[in-house]
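What the coordinates show
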Amino acid sequence: MNPATARLALRGKRAADYLIAQLLFGLLRLVRLLPAGTGLAFADRTARLLGPLTPRHRLAKDNLRQAYPEKDDAWVERIARENWGQMGRIAAEFVFLDDLFDFDPENPGRGRIEVEGVDTFLELRERKGPFIFFTGHLGCFELLPIGAAAFGLEFTALFRQPNNRYIAKEVQSARRTSGGHLVPSKAGAAWSLAGVLQRGGSVGMLVDQKFRKGVETTFFGRPCKTNPLLPKLARQFDCEIYPARSIRLPDGRYRLELKPRLDLPRDATGEIDVPATCQLLNDTVEGWVREHPEQWMWFHDRWKSKPLTKR
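Just so it is clear, the structure is predicted and the values come from calculations on it, not from any experiment.

Conventions adopted
Residues numbered from 1 in each chain as written. Predicted model: local features only at pLDDT ≥ 70, side-chain atom pairs only at ≥ 80, totals over all residues. Heavy atoms only, no water. Phe/Tyr/Trp six-rings, centres within 6.5 Å; stacked < 30°, edge-to-face > 60°. Helix = DSSP H or I, 4+ residues; strand = E, 2+ residues; numbered from the N terminus. Buried < 20%, exposed > 50% of the residue type's maximum accessible area, 1.4 Å probe, protein only. Polar contact = N/O pair within 3.5 Å; in protein donor to acceptor, adjacent residues only side chain to side chain. Patch = residues over 30% accessible without salt bridge, like charges linked within 9 Å, V, L, I, M, F, W, Y side chains within 5 Å. Areas by Shrake-Rupley, 256 points an atom, 1.4 Å probe, with all protein chains shown as cover. Salt bridge = Lys/Arg side-chain N within 4 Å of Asp/Glu carboxyl O. Axes fitted to C-alpha atoms, helices over the stretch in contact; angles between N-to-C directions. Parallel < 35°, antiparallel > 145°, perpendicular 65-115°, else oblique. Left-handed = near helix turned anticlockwise from the far one by under 90°. Contact = heavy atoms within 4.5 Å. Nonpolar A, V, L, I, M, F, W, Y, C, P; charged D, E, K, R; others polar. Pairing = 2+ DSSP bridges.

**Some words on the packing of aromatic side chains**
- Evaluation of the coordinates by the stated rule reveals 17 aromatic pairs.
- Aromatic pair F133 and Y242: ring centres 5.9 Å apart, planes at 35°, arrangement tilted. Here F133, found in strand β2 (residues 131-135), pairs with Y242, found in strand β8 (residues 240-249); they are 109 residues apart in sequence, far enough to count as distant.
- The class for F133 is buried, based on a relative accessible area of 7%.
- When its relative accessible area of 4% is taken as the criterion, Y242 is described as buried.
- Note on F134 and W288: the rings are 6.1 Å apart at their centroids and 20° apart in plane angle, and the pair reads as stacked.

**Remarks on unusual backbone geometry**
- Of the consecutive residues G129 and P130, the connecting peptide bond is found in the cis state with omega at 15°.
- Positionally, P130 belongs in the loop between α5 (118-125) and β2.
- Despite not being glycine, D238 shows a phi value in the positive range, around 55°.
- Inspection of the secondary structure puts D238 in the loop between α9 (229-237) and β8.

**Overview of the side chain of T226**
- For T226, the position within the fold is in strand β7 (residues 222-226).
- At 3.0 Å, the side chain of T226 forms a polar contact with the side chain of N282.
- Here the side chain of T226 touches R302 through a polar contact of 3.0 Å, side chain to side chain.

**Quick word on a nonpolar patch on the surface**
- Taken together, the side chains of L23, L27, L30 and L33 make up a nonpolar region of the molecular surface, amounting to roughly 460 Å² of accessible area.
- Relative to the helices and strands, L30 is located in helix α1 (residues 3-32).

**With respect to α9**
- Buried within α9 we find L229, L230, P231, L233, A234 and F237.
- D238 lies just past α9 and shows a positive phi near 55°.

**Observations concerning the packing of α9 against helix α10 (residues 274-291)**
- The geometry of α9 relative to α10 is characterised by a closest axis approach of 8 Å and an angle of 125° between their N-to-C directions. It follows that α9 is oblique to α10 by the angle criterion. Like other packed secondary-structure pairs, α9 and α10 cross with a definite hand, here right-handed. Of the residues in α10, those touching α9 at L230, P231, K232 and R235 are V274, T277, C278 and L281.
- Here the contact of α9 with α10 is composed, by residue class, of five nonpolar, one polar and two charged.

**Quick word on the pairing of β8**
- The element β8 is largely enclosed, with a buried count of nine among its ten residues.
- Bridge count between β2 and β8: four bridges; the pairing is parallel. Of the residues in β8, the one forming a bridge with F131 is E240.
- Here β8 runs beside strand β9 (residues 253-258); their pairing, made up of six bridges, is antiparallel.

Have a look at this one:
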């Protein structure tokens, strides 16, 4: 491709990204005019209607079949459609986060949010880190940083920016207001997180994303590559590691869970075993997904994928 053609293609992509972003922002502004419950239900129904029309629906069903070979086609189709509803809710929850989080540590059990692991939250708040928290793309995972802040536990979160630069800018700006400090997952991110941990701070990250240069592991018995950043940071700074997850409950409610400290595998020298820890992270997330398969992003190509055959 010659330079002139490349510049033209780049301008075309930016224009398309801008139009897509403006369309999305317009839809979210309309959703924001509705009460939270109504807006979330509308997003759920809309995504269940439109999602199956996209090529990603076929990828989701292919992933589900390989992860659950014992399930029939009716189950696979049902979970895939429920998954689209969950994804619609994620988009709508983005504009309702501050409204949704009504948990009061002084009066637990009264709102739509329930928290498991309150004692752990309070114990970590009272002593110095460094700590690393990890989660997966389950439920409304955006609520986890807000939940930590409600207990006075602030941390810096590593996140992957959307490919659309306009959406990425909006996402980062909105998250910063309610989720603490953010570090985009790009060159230099590891240094930023290392600085936080060196000061005794806390770091949070998602661990169920594909990482092309990662460690060879498995997820649902299929080969995949996992980012070794978490075990490498844990080994360097002797961090405590805590699993956390968000689960959607019936009637528009949510449960946030902070699990007990995870004991990481060690090698013969006593150092944290990076490949074994990467596998442990995958196994932990897989266990969560098996409990609530409809709440994970099945249309995400987590594995080493082969081109899908035409049908």
